[in-house]
Amino acid sequence: ESIAEIVVGKGAMIYKDITLYGTPGANSNLHINIENGYKGRITLENISLTNDRMCPAVEVGENSDVTLVLSGDNVLMNSGIIVPMTSKLTIEGDGNMVIVLNSPEFCGIGNLPDSSAGELIFAQSGTIEIKGHGNSGICIGSGKGFSGYG
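Keep in mind that this is a model prediction, so the values were computed, not measured.

Draft legend 1. Quick look at the sheet that holds strand S11 (residues 96-102). Spatial ordering of the open sheet is given by S5-S8-S11-S14, a layout of 4 strands whose pairing is parallel. Both edges of this open sheet fall to strand S5 (48-50) and strand S14 (128-133), since each of them pairs with a single strand only. On average, adjacent strands in this sheet sit at an angle of 10° to one another, irrespective of strand direction. Taken together, the 3 bridges between S5 and strand S8 (residues 73-77) define a ladder with parallel strand orientation. If you follow Thr 50 over to S8, its bridge partner there is Met 77.

Draft legend 2. View of the sheet that holds strand S1 (residues 5-8). Read from one edge to the other, the open sheet built from 6 strands follows the order S1-S3-S6-S9-S12-S15, with strand pairing classed as parallel. With one partner strand each, in any of the chains shown, S1 and strand S15 (136-141) form the two edges of the open sheet. The sheet contact formed by strand S9 (residues 81-82) and strand S12 (residues 105-110) spans 2 bridges and is parallel. What sits directly across from Ile 82, in S12, is Gly 110.

Draft legend 3. Quick look at the side chain of Asn 111. Its place among the elements puts Asn 111 in the loop between S12 and strand S13 (119-122). For Asn 111, a relative accessible area of 9% corresponds to the buried category. Side-chain polar atoms of Asn 111 contact the backbone oxygen of Ser 116, separated by 3.0 Å. The residues touching Asn 111, leaving out its near neighbours within four places in the chain, are Ile 82, Val 83, Pro 84, Ser 116, Ala 117, Ile 138, Gly 141 and Ser 142.

Draft legend 4. Main features of the pattern of salt bridges. Counted by the stated rule, this structure contains 2 salt bridges. One salt bridge in this structure joins Lys 131 and Glu 129, with 3.7 Å as the shortest N-O distance.

Draft legend 5. Looking closely at the nonpolar core. Counting residues in hydrophobic clusters, the biggest one holds 28 residues, and the most contacted among them are Ile 34, Ile 42, Leu 44, Leu 68, Ile 81 and Leu 89. When contributions to this core are tallied by element, the ones reaching two or more residues are strand S3 (31-34), strand S4 (39-45), strand S6 (58-60), strand S7 (65-71), strand S10 (88-92), S11 and S12. For Ile 42, the contacting residues outside a window of four places in its chain are Val 8, Ile 18, Leu 20, Ile 34, Val 66, Thr 67, Leu 68 and Val 69.

Draft legend 6. Inspection of the pairing of S8 at higher detail. The alternating pattern of S8 places Asn 74 and Leu 76 on a buried face and Asp 73, Val 75 and Met 77 on a face that is not buried. Note that S8 and S11 share 5 bridges and pair parallel. Within S11, the residue paired with Leu 76 across the bridge is Ile 99.

Calculation criteria
Each chain carries its own residue numbering, running from 1 in the written order of its sequence. The predicted nature of this model means local features are confined to residues of pLDDT at least 70 and side-chain atom pairs, given and counted, to a pLDDT of 80 or more, with totals for whole chains, interfaces and linings taken over all residues. Hydrogens are left out, water is left out, and the side-chain values use all remaining heavy atoms of the structure. Pairing between two strands requires that DSSP report at least two bridges joining them. Only DSSP runs of H or I reaching four residues or more are called helices, and only runs of E reaching two or more are called strands; each is numbered from the N terminus. Here an axis means a line fitted to C-alpha atoms, over the contact stretch when the element is a helix, while the angle between two N-to-C directions is reported on a 0 to 180 degree scale. Accessible area is worked out with a 1.4 Å probe on protein chains only. A residue is then buried under 20% of its type maximum, exposed over 50%, and partly exposed in between. Any pair of N or O atoms that falls within 3.5 Å is considered a polar contact. Within protein, one atom must be able to donate a hydrogen and the other to accept it, and sequence-neighbouring residues count only if both atoms are side-chain atoms. We call two residues in contact when some of their heavy atoms are within 4.5 Å. The working definition used for a salt bridge is a side-chain nitrogen of Lys or Arg within 4 Å of a carboxyl oxygen of Asp or Glu. Residues belong to one nonpolar core when they are buried, are Ala, Val, Leu, Ile, Met, Phe, Trp, Tyr or Cys, and are joined through side-chain atoms within 4.5 Å.

Printed below as a string of structure tokens:
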């Protein structure tokens, strides 16, 4: 059976900064779970996550400070990036990301319509494109606004 989840920040991590490599056009049914309290950089290079399990493609844990570096062309299918109100997400890099959302309630980057999102900083030079298809959803941000992170 294939890997279903990549856990970042579990236990006493030696290396806080990691890079995940993919093959352009190759889909994977993966979920990236970032543990509570993680502080570090995660580089996505040509990653394609096709999530069919009704959970976020990338889920940032509580009280985390994550820098997501985009390299190459990255795709998140069917789900996006959840950032809880106690956390911060900074997106950097010269790569691109396309997020295609297909569910009744969806979130691109931030949090769901009935929740608050943490701090979101967009410092990338590449493009981010979010396509939402459903009854209600958020492309960037959240339904209840942003937190006072930090």
